[in-house]
Amino acid sequence: MRYFSRSVAIFSGLLLFSIACSLTGSLGASKEAEEKTILITPLSDSVATATLPPALPAPTPTSETSPVTPQIDSSPPDDTSSGDTLPATLISASEAATGDCQLNLDLPPDSSAAGGGGAAPVAPNQTLLKGTVRCVWEMQASTLNIQPEMPIYIAEVEIVEANDVAGFMNQLTGQAGQIIKIFSKTPIPPDAAGQTIEVQVAFSGDETGGNYWVVGDQLSVAQACQLDLPPASSAPGGGGAAPVAPNQTLLKGTIGCVWEVQASTLNIQPEMPIYIAEVEIVEANDVAGFMNQLTGQTGQTIKIFSKTPIPPDVSGQTIEVEVAFRGDETGGNYWVVGDQLSIQ
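Below is a short write-up of the structure.

Criteria and cut-off values
Residues numbered from 1 in each chain as written. Predicted model: local features only at pLDDT ≥ 70, side-chain atom pairs only at ≥ 80, totals over all residues. Heavy atoms only, no water. Phe/Tyr/Trp six-rings, centres within 6.5 Å; stacked < 30°, edge-to-face > 60°. Helix = DSSP H or I, 4+ residues; strand = E, 2+ residues; numbered from the N terminus. Buried < 20%, exposed > 50% of the residue type's maximum accessible area, 1.4 Å probe, protein only. Salt bridge = Lys/Arg side-chain N within 4 Å of Asp/Glu carboxyl O. Contact = heavy atoms within 4.5 Å. Pairing = 2+ DSSP bridges. Axes fitted to C-alpha atoms, helices over the stretch in contact; angles between N-to-C directions.

1. Considerations on the packing of aromatic side chains
Thinking step 1. Throughout the structure, instances matching the rule amount to four aromatic pairs.
Thinking step 2. Considering the side-chain rings of F305 and W335, the 5.3 Å spacing of their centres and the 35 degrees angle between planes classify their relative orientation as tilted. On the criterion of sequence distance, the pair formed by F305 in strand β9 (residues 301-306) and W335 in strand β11 (residues 331-343) is long-range, its members being 30 residues apart.
Thinking step 3. What makes F305 buried here is its relative accessible area of 1%.
Thinking step 4. A relative accessible area of 4% means that W335 is categorised as buried.

Have a look at this one:
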């Protein structure tokens with residue numbers, strides 16, 4: 001009996017110890033699980049609930065970040081529209097423009113004068129203009145609201161070339177063949193009609209209008225290169241009832257125009273290029289044994305003909321060459337003797 005009671009007591013103690021250990025293990029596991037949850041759950045939540053900031057909107061262009069390029073109307077003003085006939089004197093008119101030289105201009109604003117002001121002037125511009133003069137007028141500055149009083153020259157010009165000037169906008173790009181009027185304080189020769197003018201011009205004015213003005217005081221007017229073909233007897237060896245006496249001249253002169261034509265144009269055979277140069281005589285020296293047909297002709301302009309090529313770009317240069325007049329009493333021309341000529 002006593003043994004039984006002791007056994008029950010031992011068994012109960014073991015049972016209680018087992019229960020206590022079980023409870024302790026459960027609590028430890030629960031605490032470990034709780035600790036793991038504390039460590040893991042915040043990371044998971046932070047990823048799941050993270051909110052990215054919204055994308056920034058694209059910057060709106062402003063005048064500082066995106067400057068606006070002003071649009072400039074580059075077309076010349078229609079200064080031939082109907083308007084008042086200004087008091088101007090017609091100095092000269094080319095054959096092509098005879099009867100058409102009417103200076104009908106709308107009275108230009110002050111801004112059209114060289115150096116005139118304007119609320120919105122055109123951008124800085126210049127053009128190296130080459131063209132054919134049609135008409136030339138002279139008028140007083142006060143007619144154009146310009147002071148002080150002085151003569152103002154106006155030329156109607158058909159554009160041949162409109163070349164750029166470095167650093168400036170070209171208002172006449174693509175206008176070859178068009179006719180404009182240019183204004184100048186520098187005199188334009190009264191006999192300029194039909195001749196070629198080379199000059200730098202700038203459109204001066206504002207959005208309401210303006211005119212082309214000569215820049216500075218430099219302008220060049222040269223006779224247009226027109227070639228009148230000679231008669232057949234002027235060819236070297238050409239026929240003639242009374243040919244001129246044998247002659248030669250050592251010519252020195254300044255070249256003006258140069259042309260190239262075909263021999264058949266001069267009734268010369270066989271076919272070949274013939275070169276013709278317009279030369280202003282500087283010196284006309286004798287050649288021993290020959291008559292000099294150019295004695296006393298210094299300053300005169302003649303045309304010389306050559307089978308030897310004369311470069312097309314030698315205008316203004318000096319030529320030295322031996323020439324002979326070939327023809328008869330009805331006419332003829334000066335031909336280069338041999339194939340030696342010097343140009344510099």
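Moving on from the coordinates now.
2. Details of the pattern of salt bridges
Thinking step 1. Following the criterion strictly, the structure yields two salt bridges and no others.
Thinking step 2. R134 is the partner of E156 in a salt bridge, and the nearest nitrogen-oxygen pair spans 3.1 Å. Of this pair, E156 sits in strand β3 (residues 151-164) while R134 sits in strand β2 (residues 127-140), and the two are 22 residues apart along the sequence.
Thinking step 3. Of the residues examined, E156 reaches a relative accessible area of 8% and is grouped as buried.
Thinking step 4. E156 is the salt-bridge partner of K181, the closest N and O atoms lying 3.3 Å from each other. One end of the pair, K181, is in strand β4 (residues 179-184); the other, E156, is in strand β3, and 25 residues separate them in sequence.
Thinking step 5. Given a relative accessible area of 3%, K181 falls into the buried group.
Thinking step 6. Sharing partners across several salt bridges, the network here consists of R134, E156 and K181.

3. Quick word on the environment of A193
Thinking step 1. In this structure, A193 sits in the loop between β4 and β5 (196-206).
Thinking step 2. Through-space distance from the C-alpha of A193 to that of A155 is 8.7 Å; in sequence the pair is 38 residues apart.
Thinking step 3. Beyond its immediate sequence surroundings of up to four residues, A193 is in contact with S92, A93, S94, V133 and R134.

4. Some details on the sheet that holds strand β8 (residues 273-286)
Thinking step 1. Strand order in the closed barrel made by the five strands is β7-β8-β9-β11-β10, with mixed pairing throughout. Each strand axis lies, on average, 50 degrees off the axis of its neighbour in the sheet, ignoring direction.
Thinking step 2. For β8 and β9, the ladder comprises six bridges, and the chain directions are antiparallel. For Y275, the partnering residue across the bridge sits in β9 and is S306.

5. Brief notes about the pairing of strand β10 (residues 318-328)
Thinking step 1. In the sheet, strand β7 (residues 249-262) pairs with β10 via six bridges, with the strands oriented antiparallel. When the sheet's bridge partners are listed, T254 is paired in β10 with T318.
Thinking step 2. Bridging between β10 and β11 involves nine bridges; their strand directions are antiparallel. Directly across from F325, in β11, lies its bridge partner Y334.
Thinking step 3. The turn linking β10 back onto β11 is made up of two residues.

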